[in-house]
Amino acid sequence: METLEHILLQPFRSIAETPMFFLEVLIGGLMSGVMYALVALGFVLIFKASGVFNFAQGAMVLFAALFFVGFLELGWPVWLAVAGSVVVMVALAFAIERVVLRPLVNQPPIILFMATIGITFFLDGFGQTIWGSDVRRLDVGIPTTPLIVGDLYINQFDLFAAVICGLLVTVLALFFQFTPTGRALRAVADDHQAAMSVGIPLNVIWTIVWSVAGLVGLVAGVMWGSKLGVQFNLSLIALKALPVLILGGFTSVPGAIVGGLLVGAGEKVAEVFWGPLVGGAVEDWFAYVLALLFLLVRPQGLFGERIIERV
Amino acid sequence: MIYRETGQFKASYAADQAIFRLVEDRIGMGAILFLAFVVMPLVGSQYWLETIMLPFLIYSLAAIGLNLLTGYAGQLSLGTGGFMACGAFSAYKLATAFPDLHVLLVLVLAGSITAAVGILFGLPSLRIKGFYLAVATLAAQFFLLWLFNRVPWFTNYSSSGVISAPPLAIFGDIWVTGFEATPVAKYLFTLSLVSILALAAKNMTRLKIGRAWMAIRDMDIAAEIIGIRPMTTKLSAFAISSFYCGIAGALWAFVYTGAVEALAFEINVSFRVLFMIIIGGLGTICGSFMGAAFIVLLPIFLNNTLLALGLAEAVALASHLEAMIMGALIIFFLIVEPHGLARLWQILKEKLRRWPFPY
């Protein structure tokens, strides 16, 4: 009884006692949620347009960040490094479409999923073979000093990340909504065969989608890289993006954002207020268990398309 | 010419339902078992038995477990590592709490506990499927590992978190775990267990329960309409799969490494086992063995090749190259034969039937 009260009531009491601290934790969580959403966004783009569950998104984040840092260390100016990394990611998209996706057309989803795990291994190895596996510091001039609003401390870097993420989502939304290419992408997402029958070239669309996902990966890689340093761990962030995905629904861009915010805020609050009671490191699994419980209630995620099945 | 069914008549139902219906298959299987049980312990060095055969056998067992769940019942799972850890830690708790318990009983009980945990984490499969389910099973992976890492009860309040497996003996004084165990004893013990469990798995897939799994895999709604209960079928798949994974985990910790630690069952293990069943062939028992052999032997082979080429001076570089080649090979295999090595074997058998006069 006492332990139950300890776990169920005590944290709420401490939240009520220190509302400002709670708010700070919450905001910190939301901000890191934005960063998860950045990674999850790449997943959603590819899943929407090609039905491929792209496990390699995390590896792409690392790959992009490694090249960006590598170019900077070669003494290239920032704009050239950005351009170079963009070229690398687009080339990567071409290569993946050509070498992996095209021969595997019409295979069951699990085979494509495995192929992306293969890509993950390859990219992790390839990137680190070229650039080495040391932790590299990435400084693109984003201030990290805390901003003080009233009684609240807010990390300026996180704020910056949130703004970038917002911009990215807006640009992507405009791109999807108003350009011919975007329209073609949405058509492919709705129905592959119908899209092909009205003359939309599937291969080109896939290349574009993978390029866009690569660019999103680049942004995520630069943001995460400046936060944690560019290192192999970046590749594992993909695993954190997965519960974000199933919370939001695999096919929904807003879902990725909302899911990211929920997961980020939830796990920070759980870690700070509940973590010490059960030995800490609740962050490792909290997002997954949250997603699991959520799925029991709503199998298609928050904003996912309703799954209708017929025999 | 040599391998064909012509002239081999089945005179009874039992003969018609045998696993190996052809004399040639029976001879081949007998030869493999003879090699494994008699020749290998006699000629195999300690390196071969302990570093290659043991992980191969244990991974095969885990792969069979996952294959029952993913290949036969169609429920994609990424929680294999978690379930293996569960088996290892339950076996440890059982062996230390009841020191007199026989090793086989320890393993079976550990498997049963894992089966119960598997049912618990299999519950979401009743509502969700496909990749949603795969991500949900990741919850098992992370939660279970966290639990074993953080709750000191599981490690008997050891301070380091790394604990050695207690020595256990089969038949009186033939030690199969701990320091006194000889490589041959460990190898034969594991081999016997894996053989029996593989035979059981093979038979299970031919029974009503296996057919129900396959019906659920192929189309769950249709299966439900013809009277297969989705709940019992899916949960039984989770239970039996976890049972196999649990025993594999217990063997890994007790027989192979000799240390019970959560680190040995990280998420990478789950992926490796998944690779095995995909490269070996989904929905085949022999594919589980082939896939396990491929994934266990490939890194060793690559490592030695890189060493021979003189490329492995930098350890980090070698491991990166290894990952690269591994990834490329996986993609290559998927493109060449998405149905896995087992399918290649089947094609070979078809060819053999007509050899040397194909029409």
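Remember, predicted model here, so these are calculated numbers, not experimental data.

Here we look at the overall build of chain B
Now for step 1: Looking only at helices and strands, chain B features 14 helices and 4 strands.
Now for step 2: Against the compact-globule benchmark of 21 Å for 359 residues, chain B has a radius of gyration of 21 Å, which places it among compact chains.
Now for step 3: Counting only residues that meet the buried cut, chain B has 45% of its 359 residues in that class.
Now for step 4: A separation threshold of at least 6 residues defines the contact pool for chain B, and within that pool the share at least 24 residues apart is 73%.

Thoughts on the overall build of chain A
Now for step 1: Scanning chain A from N- to C-terminus turns up 13 helices and 2 strands.
Now for step 2: Seen through its C-alpha atoms, chain A measures out along the principal axes to roughly 65 × 60 × 35 Å.
Now for step 3: Per-residue burial for chain A yields a buried fraction of 46% across its 311 residues.
Now for step 4: In chain A, the share of contacts with a sequence separation of at least 24, taken over all contacts with a separation of at least 6, comes to 74%.

Re the interface of chain A and chain B
Now for step 1: Across the contact, 40 residues belong to chain A and 36 residues belong to chain B.
Now for step 2: Of all the secondary-structure elements, those providing two or more residues to the side of chain A that touches chain B are helix H6 (109-131), helix H11 (237-248) and helix H13 (283-297) of chain A.
Now for step 3: Here the side of chain A that touches chain B takes 15 residues from H6 of chain A, the largest share from any one element.
Now for step 4: Partitioning the side of chain A that touches chain B into residue classes produces 29 nonpolar, 8 polar and 3 charged.

As for unusual backbone geometry
Now for step 1: That bond from Trp-355 of chain B to Pro-356 of chain B is cis: its omega, 0 degrees, falls within 30 degrees of zero.
Now for step 2: Its location among the elements puts Pro-356 of chain B in the segment after helix H14 (341-354).

Examining the environment of Leu-123 of chain A
All names here are of chain A.
Now for step 1: Within the secondary structure, Leu-123 is located in helix H6.
Now for step 2: Classification of Leu-123 by C-beta neighbours within 10 Å gives buried; the count is 25.
Now for step 3: Between the C-alpha atoms of Leu-123 and Ala-59, which are 64 residues apart in sequence, the distance is 6.1 Å.

Section: the confidence of the model for chain B
Now for step 1: For chain B, mean pLDDT is 88; residues scoring 70 or higher make up 97% of the total.
Now for step 2: At the level of chain-chain contacts, confidence expressed as ipTM amounts to 0.82, with global pTM at 0.88.

Describing the environment of Leu-168 of chain A
Residues and elements named next belong to chain A.
Now for step 1: Along the polypeptide, Leu-168 turns up in helix H7 (residues 156-178).
Now for step 2: Taking the C-alpha atoms as reference, Leu-168 lies 21 Å from Phe-67; in sequence the two are 101 residues apart.
Now for step 3: Excluding its chain neighbours within four sequence positions, the residues that come into contact with Leu-168 are Val-216 and Val-219.

What to know about helix H2 (residues 23-43) of chain B
For an α-helix, 3.6 residues make a turn, and residues three or four places apart therefore share a direction.
All names here are of chain B.
Now for step 1: In this model, H2 (21 residues) spans 28 Å end to end at C-alpha, consistent with the 30 Å of a helix rising 1.5 Å per residue.
Now for step 2: Roughly 35 degrees is the biggest bend found in H2, and it falls at Leu-35.
Now for step 3: Counting buried residues along H2, only 0 of its 21 residues qualify, which leaves the element largely exposed.

Examining the nonpolar core
Now for step 1: By size, the foremost hydrophobic cluster in this structure holds 217 residues, and its most contacted members are Ala-37, Leu-38, Ala-40, Val-209 and Leu-245 of chain A together with Ala-62 of chain B.
Now for step 2: Looking at this core element by element, the count peaks at 17 residues for helix H10 (residues 230-257) of chain B.
Now for step 3: Leave out the neighbours within four places in its chain, and Leu-38 of chain A touches Cys-165, Val-216, Val-219, Ala-220 and Met-223 of chain A.

As for the confidence of the model for chain A
Now for step 1: Per-residue pLDDT for chain A has a mean of 82; in total, 92% of the residues score no lower than 70.
Now for step 2: The lowest-confidence element of chain A is helix H1 (residues 2-8) of chain A, averaging 68 in pLDDT; the highest-confidence one is helix H5 (residues 78-101) of chain A, averaging 92.

Notes on H7 of chain A
Now for step 1: Along its 23 residues, H7 of chain A runs 33 Å from first to last C-alpha, staying within 8% of the 33 Å computed at 1.5 Å per residue.
Now for step 2: Within H7 of chain A the residues assigned to the buried category are Asp-158, Ala-161, Ala-162 and Cys-165 of chain A.

Examining the packing of helix H3 (residues 46-72) of chain B against helix H7 (residues 183-206) of chain B
Residue and element names in this part refer to chain B.
Now for step 1: Where H3 meets H7, the axes come as close as 10 Å, and the angle between the chain directions of the two elements is 20 degrees. Between H3 and H7, the angle is such that the two are roughly parallel. The crossing of H3 and H7 is left-handed. Contacts from Gln-46, Leu-49, Glu-50, Met-53, Leu-54, Leu-57, Ile-58, Ser-60, Leu-61, Ile-64, Leu-68 and Tyr-72 in H3 reach Pro-183, Val-184, Lys-186, Tyr-187, Thr-190, Leu-191, Val-194, Leu-197, Ala-198, Ala-201 and Thr-205 in H7.
Now for step 2: In the contact of H3 with H7, the residues fall into 17 nonpolar, 4 polar and 2 charged.

Some thoughts on the environment of Ile-111 of chain A
Now for step 1: You can see Ile-111 of chain A is positioned in helix H6.
Now for step 2: Given 17 C-beta atoms within 10 Å, Ile-111 of chain A falls into the partly exposed group.
Now for step 3: Separated by 14 residues in the primary sequence, Ile-111 of chain A and Gly-125 of chain A have C-alpha atoms spaced 21 Å apart.
Now for step 4: With sequence-adjacent residues up to four places away left out, Ile-111 of chain A is seen in contact with Leu-104 of chain A together with Leu-334 and Pro-338 of chain B.

Overview of the packing of H7 of chain A against helix H8 (residues 180-190) of chain A
Residue and element names in this part refer to chain A.
Now for step 1: As a packed pair, H7 and H8 sit with axes 5 Å apart at the nearest point and diverge in direction by 80 degrees. Relative to H8, the element H7 lies roughly perpendicular. Residues Phe-175, Phe-176, Gln-177 and Phe-178 of H7 pack against Gly-182, Leu-185 and Arg-186 of H8.
Now for step 2: Split into classes, the residues belonging to the contact of H7 with H8 amount to 4 nonpolar, 2 polar and 1 charged.

Definitions and cut-offs
Residues numbered from 1 in each chain as written. Chains lettered and ligands numbered in written order. Predicted model: local features only at pLDDT ≥ 70, side-chain atom pairs only at ≥ 80, totals over all residues. Helix = DSSP H or I, 4+ residues; strand = E, 2+ residues; numbered from the N terminus. Rg over C-alpha atoms; globule rule 2.2 N^0.38 Å. Buried ≥ 20, exposed ≤ 12 C-beta atoms within 10 Å, placed from the backbone. Contact = placed C-beta atoms within 7 Å. Nonpolar A, V, L, I, M, F, W, Y, C, P; charged D, E, K, R; others polar. pLDDT = per-residue confidence, 0-100. Expected span 1.5 Å × (residues − 1). Bend = angle between axes of the 7 residues up to and from the residue. Core = buried A, V, L, I, M, F, W, Y, C linked by C-beta atoms within 7 Å. Axes fitted to C-alpha atoms, helices over the stretch in contact; angles between N-to-C directions. Parallel < 35°, antiparallel > 145°, perpendicular 65-115°, else oblique. Left-handed = near helix turned anticlockwise from the far one by under 90°.

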